[in-house]
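Close look at the chain arrangement
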Amino acid sequence: MSLREKLADFAGALTSATIYAPDAYPDWSYVTYESNMADLKELWVEIREKLKRDQDKVPFIDEKLQEAFTAFDAGEKEKGVDAILAIYNLQVKKLR
């Protein structure tokens, strides 16, 4: 999978996290909180290895992902969503 495809998937997982995490995933969906968080972690590991031009954004995204995971696990949905949105607002699909 290309970097562009991984970034699109990462953006999609971020979007799901803002809408559903941690406890509002629809019963009919195959996506769960656990699978979405695992996707975010896995995709970010793969993406961060391939970033060249936007390496300066890596520490910020690392920090915000950790902040989101911690907040969601503590039941602090708004704080988690804010951290996810901070990442999404970097226009992650355009990272290189």
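This one's a predicted model, so the numbers in the text were calculated from it and none came from an experiment.

Each value, and the rule that gives it
Along each chain, residue indices are assigned from 1 in the same order as the chain's sequence is written. It should be noted that, the model being predicted, local features are given only for residues of pLDDT at least 70 and side-chain atom pairs only at 80 or more, the latter also being counted only at that level, while totals for whole chains, interfaces and linings use all residues. Each side-chain value is derived from all of the structure's non-hydrogen atoms; neither hydrogens nor water enter the calculation. For the purposes of this section, nonpolar cores are sets of buried Ala, Val, Leu, Ile, Met, Phe, Trp, Tyr and Cys residues that join through side-chain atoms within 4.5 Å. Here the term buried applies to any residue with accessible area under 20% of the maximum for its type, exposed to any over 50%, and partly exposed to those in between, with areas from a 1.4 Å probe on protein chains only. Secondary structure follows DSSP: runs of H or I at least 4 residues long count as helices, runs of E at least 2 residues long count as strands, and numbering of each begins at the N terminus. Here, residues are in contact when the closest pair of their heavy atoms is within 4.5 Å. Any Lys or Arg side-chain nitrogen found within 4 Å of a carboxyl oxygen on Asp or Glu counts as a salt bridge. Whenever a helix is involved, its axis is fitted only over the stretch in contact; in every case the axis is a line through C-alpha atoms, and angles between N-to-C directions fall within 0 to 180 degrees. Any angle between 65 and 115 degrees counts as roughly perpendicular, while under 35 counts as roughly parallel, over 145 as roughly antiparallel, and the rest as oblique. Handedness of a helix crossing follows the sense of rotation of the near helix relative to the far helix, less than a right angle counterclockwise being left-handed and clockwise being right-handed. Gly is put with the polar residues, along with every residue not named as nonpolar or charged; the nonpolar set is Ala, Val, Leu, Ile, Met, Phe, Trp, Tyr, Cys and Pro, and the charged set is Asp, Glu, Lys and Arg. Residues adjacent in sequence count toward polar contacts only when both atoms are side-chain atoms; beyond that, a polar contact is any pair of N or O atoms within 3.5 Å, and within protein one must be able to donate a hydrogen and the other to accept it.

With 29 residues, the main nonpolar core has Phe10, Met37, Leu40 and Phe72 as its most contacted residues. For this core, the secondary-structure elements that each account for two or more residues are α1 (3-20), α2 (33-50), α3 (58-73) and α4 (77-88). By residue number, the principal contributor to this core is α1, which donates seven residues. Apart from the residues within four sequence positions on either side, Phe72 is in contact with Ala17, Ala21, Pro22, Tyr33, Met37, Lys77, Gly80, Val81 and Ile84.

Now for the pattern of salt bridges. Overall, the coordinates contain five salt bridges when judged by the stated rule. Residues Asp54 and Arg53 are paired through a salt bridge, measuring 3.8 Å at the closest nitrogen-oxygen approach. Residue classification places Arg53 among the exposed residues on the basis of a relative accessible area of 58%. One salt bridge in this structure joins Lys57 and Asp54, with 3.4 Å as the shortest N-O distance. Lys57 gets classed as partly exposed once you look at its relative accessible area, which sits at 23%. On the basis of relative accessibility, which here comes to 8%, the residue Asp54 falls in the buried class. Among the ionic contacts, a cluster of salt bridges with common partners joins Arg53, Asp54 and Lys57.

Turning our attention to the packing of α1 against α4. Where α1 meets α4, the axes come as close as 9 Å, and the angle between the chain directions of the two elements is 155 degrees. As summarised for this structure, α1 and α4 are arranged roughly antiparallel, according to the angle between their axes. Seen from above, α1 lies across α4 with left-handed handedness. Across from Phe10, Ala11, Leu14, Thr15, Ala17, Thr18, Ile19 and Tyr20 in α1, the residues of α4 making contact are Lys77, Val81, Ile84, Leu85, Ile87 and Tyr88. Split into classes, the residues belonging to the contact of α1 with α4 amount to eleven nonpolar, two polar and one charged.

Time to look at the side chain of Asn36. Tracing the backbone through its elements, the reader meets Asn36 in helix α2. Within the structure, Asn36 has its side chain in polar contact with the backbone oxygen of Ala13 (distance 3.3 Å). Setting aside residues up to four positions removed in sequence, Asn36 forms contacts with Ala13, Ser16, Ala17, Tyr25 and Val31.

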